[in-house]
Amino acid sequence: MFQLSAHLEETLMGNIIGSIIKNYKAEIQSIKDRDPAAASTLEILTYAGLHAVAMYRVAHWFYIRDLKFIARVISQTARFLTGIEIHPGAKIGKGLLIDHGAGVVIGETAEIGDNCLLYQGCTLGGTGKDQGKRHPTLGNNVMVGCGAKVLGPFKVGDNSKIAANAVVLETVPPNCTAVGVPARVVKQNGKRTLDLDQIHIPDPVSQELCKGRMELERLRKRVEALEKRLEKEG
Ligand SMILES: CC(C)(COP(=O)(O)OP(=O)(O)OC[C@H]1O[C@@H](n2cnc3c(N)ncnc32)[C@H](O)[C@@H]1OP(=O)(O)O)[C@@H](O)C(=O)NCCC(=O)NCCS
Ligand SMILES: CC(=O)OC[C@H](N)C(=O)O
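Attention in this report is confined to the structure presented alongside it. (Residues numbered from 1 in each chain as written. Chains lettered and ligands numbered in written order. Predicted model: local features only at pLDDT ≥ 70, side-chain atom pairs only at ≥ 80, totals over all residues. Heavy atoms only, no water.)

### Observations concerning helix 3 (residues 48–63)
Step number 1: Here helix 3 is 16 residues long and its end C-alpha atoms lie 22 Å apart, about the 22 Å a rise of 1.5 Å per residue gives.
Step number 2: The buried fraction of helix 3 is high, at 12 of 16 residues.
Step number 3: All of the buried residues in helix 3 are Gly 49, Leu 50, Ala 52, Val 53, Ala 54, Tyr 56, Arg 57, Ala 59, His 60, Trp 61, Phe 62 and Tyr 63. (Helix = DSSP H or I, 4+ residues; strand = E, 2+ residues; numbered from the N terminus. Expected span 1.5 Å × (residues − 1). Buried < 20%, exposed > 50% of the residue type's maximum accessible area, 1.4 Å probe, protein only.)

Written out as structure tokens, the structure is:
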């Protein structure tokens, strides 16, 4: 506490408020750029995601100064007010937009680059199998769709998109789109990566029927040949 009070006048007002205002401006701009529903700056000031990220920045300030209890009180208050839970230990770059926000969870060792976009109900979480670094690292300009779960200490590369409701369990390279459960990369640099033809795949039942028909035809010809031979001999 003594350490905190020594720093208070010098850093608290200057650093926290200065950095919150700077980040607030970047985040307001990010919302204007990327949310077609945002009609005015005044409207943007009502966004839960904006306040959740601002409160996270205060909580993180305390967290990195080892004032973890205060940090958690702030983050849990933010969760109560916004429905968005960001652990104060997470590392978040500038221009993060959490659109709609309800149900978003960002774990303690998650890292988020600049200008990322998270939709409601997504989780940057752990699998429960790792120790230490347990949560994902998002590069810059990453989008995580609503309801998606990104679980584990791997990287999602710059400019990649995680589809709504995907469950991502391994690294996603840059400029990719990952979809499904478990998620697979279906596009990279704008080109499809999985060219599976889901319609013209071999059907084992019709293959067996086909084999049976060929065998029947072979036997029919043999019987005909035998009959002709019998007629000649008889
Ligand atoms: C994945 C997404 C970002 C589109 O990315 P994209 O790179 O433009 O990809 P495409 O639209 O070309 O889709 C690529 C393939 O993934 C499939 N796909 C897209 N979204 C998917 C999803 N959520 N789940 C499963 N498959 C999906 C497409 O059908 C397509 O399959 P096909 O090639 O067999 O036709 C978008 O579909 C999405 O999920 N956005 C989430 C946005 C969101 O959460 N909005 C909530 C607002 S409230
Ligand atoms: C509900 C939804 O699609 O939200 C995404 C974005 N805010 C928009 O209005 O397009």
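### What to know about the sheet that holds strand 1 (residues 85–86)
Step number 1: With respect to topology, five strands assemble into an open sheet ordered 1-4-7-10-13, the strand pairing being parallel. The outermost strands of the open sheet, each flanked by one partner alone, are strand 1 and strand 13 (167–168).
Step number 2: Pairing analysis gives three bridges linking strand 7 (residues 123–125) to strand 10 (residues 149–151), with the strands arranged parallel. The residue of strand 10 that forms the bridge with Leu 124 is Val 150. (Pairing = 2+ DSSP bridges.)

### Some words on the site of ligand 1
Step number 1: Residues in contact with ligand 1 amount to 14 residues; listed here are only the nearest, Cys 146, Ala 164, Thr 177, Lys 187 and Arg 192.
Step number 2: One of the backbone nitrogen or oxygen atoms of Cys 146 is found 2.7 Å away from an oxygen atom of ligand 1.
Step number 3: A distance of 2.6 Å separates an oxygen atom of ligand 1 from a polar side-chain atom of Thr 177.
Step number 4: For ligand 1, whose free accessible area comes to 910 Å², the fraction covered by protein is 52%.
Step number 5: Going through the elements one at a time, strand 14 (176–179) and strand 15 (184–188) are the ones with two or more residues in the shell around ligand 1. (Near = heavy atom within 4 Å. Polar contact = N/O pair within 3.5 Å; in protein donor to acceptor, adjacent residues only side chain to side chain. Areas by Shrake-Rupley, 256 points an atom, 1.4 Å probe, with all protein chains shown as cover.)

### Observations regarding the packing of aromatic side chains
Step number 1: Overall, the coordinates contain one aromatic pair when judged by the stated rule.
Step number 2: Against the face of Tyr 63 rests Lys 68, its NZ or CZ located 4.9 Å from the ring centre. (Phe/Tyr/Trp six-rings, centres within 6.5 Å; stacked < 30°, edge-to-face > 60°. Lys NZ or Arg CZ within 6 Å of the ring centre and 35° of its normal.)

### Let's talk about the sheet that holds strand 8 (residues 137–138)
Step number 1: Across the sheet, four strands lie side by side as 2-5-8-11; this open sheet has parallel pairing. The open sheet has two free edges, formed respectively by strand 2 (91–92) and strand 11 (155–156), since each of these has just one partner strand.
Step number 2: Bridge count between strand 2 and strand 5 (residues 111–112): two bridges; the pairing is parallel. Counterpart to Lys 91 in the pairing with strand 5 is Glu 111.

### Overview of the site of ligand 2
Step number 1: In the vicinity of ligand 2, the contacting residues are Asp 35, Pro 36, Ala 37, Asp 99, His 100 and Tyr 119.
Step number 2: Within the contact set of ligand 2, a nitrogen atom lies 2.7 Å away from a side-chain nitrogen or oxygen of Asp 99.
Step number 3: In the environment of ligand 2, an oxygen atom lies 2.7 Å from a nitrogen or oxygen atom belonging to the side chain of His 100.

### A closer look at the packing of helix 3 against helix 4 (residues 68–82)
Step number 1: Between helix 3 and helix 4, the least distance of the axes is 8 Å, while the angle of their chain directions is 170°. In terms of orientation, helix 3 and helix 4 fall into the roughly antiparallel class. Facing helix 3, whose interface residues are Ala 48, His 51, Ala 52, Met 55, Val 58, Ala 59, Phe 62 and Tyr 63, helix 4 presents Lys 68, Ile 70, Ala 71, Ile 74, Ser 75, Thr 77, Ala 78, Leu 81 and Thr 82.
Step number 2: The residue inventory of the contact of helix 3 with helix 4, partitioned by class, reads 12 nonpolar, four polar and one charged. (Axes fitted to C-alpha atoms, helices over the stretch in contact; angles between N-to-C directions. Parallel < 35°, antiparallel > 145°, perpendicular 65-115°, else oblique. Contact = heavy atoms within 4.5 Å. Nonpolar A, V, L, I, M, F, W, Y, C, P; charged D, E, K, R; others polar.)

### Section: the pairing of strand 15
Step number 1: In terms of strand pairing, strand 14 meets strand 15 through four bridges, oriented antiparallel. From the neighbouring strand, Thr 177 faces strand 15, where its bridge partner is Lys 187.
Step number 2: Connecting strand 14 to the antiparallel partner strand 15 that follows it, the hairpin turn spans four residues, and Gly 180 within it adopts a positive phi of roughly 95°.
Step number 3: Bridge analysis of strand 15 against strand 16 (residues 191–192) gives two bridges, and the strand direction is antiparallel. Note on strand 16: the bridge partner recorded for Gln 188 is Lys 191.
Step number 4: In textbook terms, the turn of a hairpin is the stretch between consecutive antiparallel strands, and for strand 15 and strand 16 this stretch comprises two residues, one of which, Asn 189, has a positive phi near 50°.

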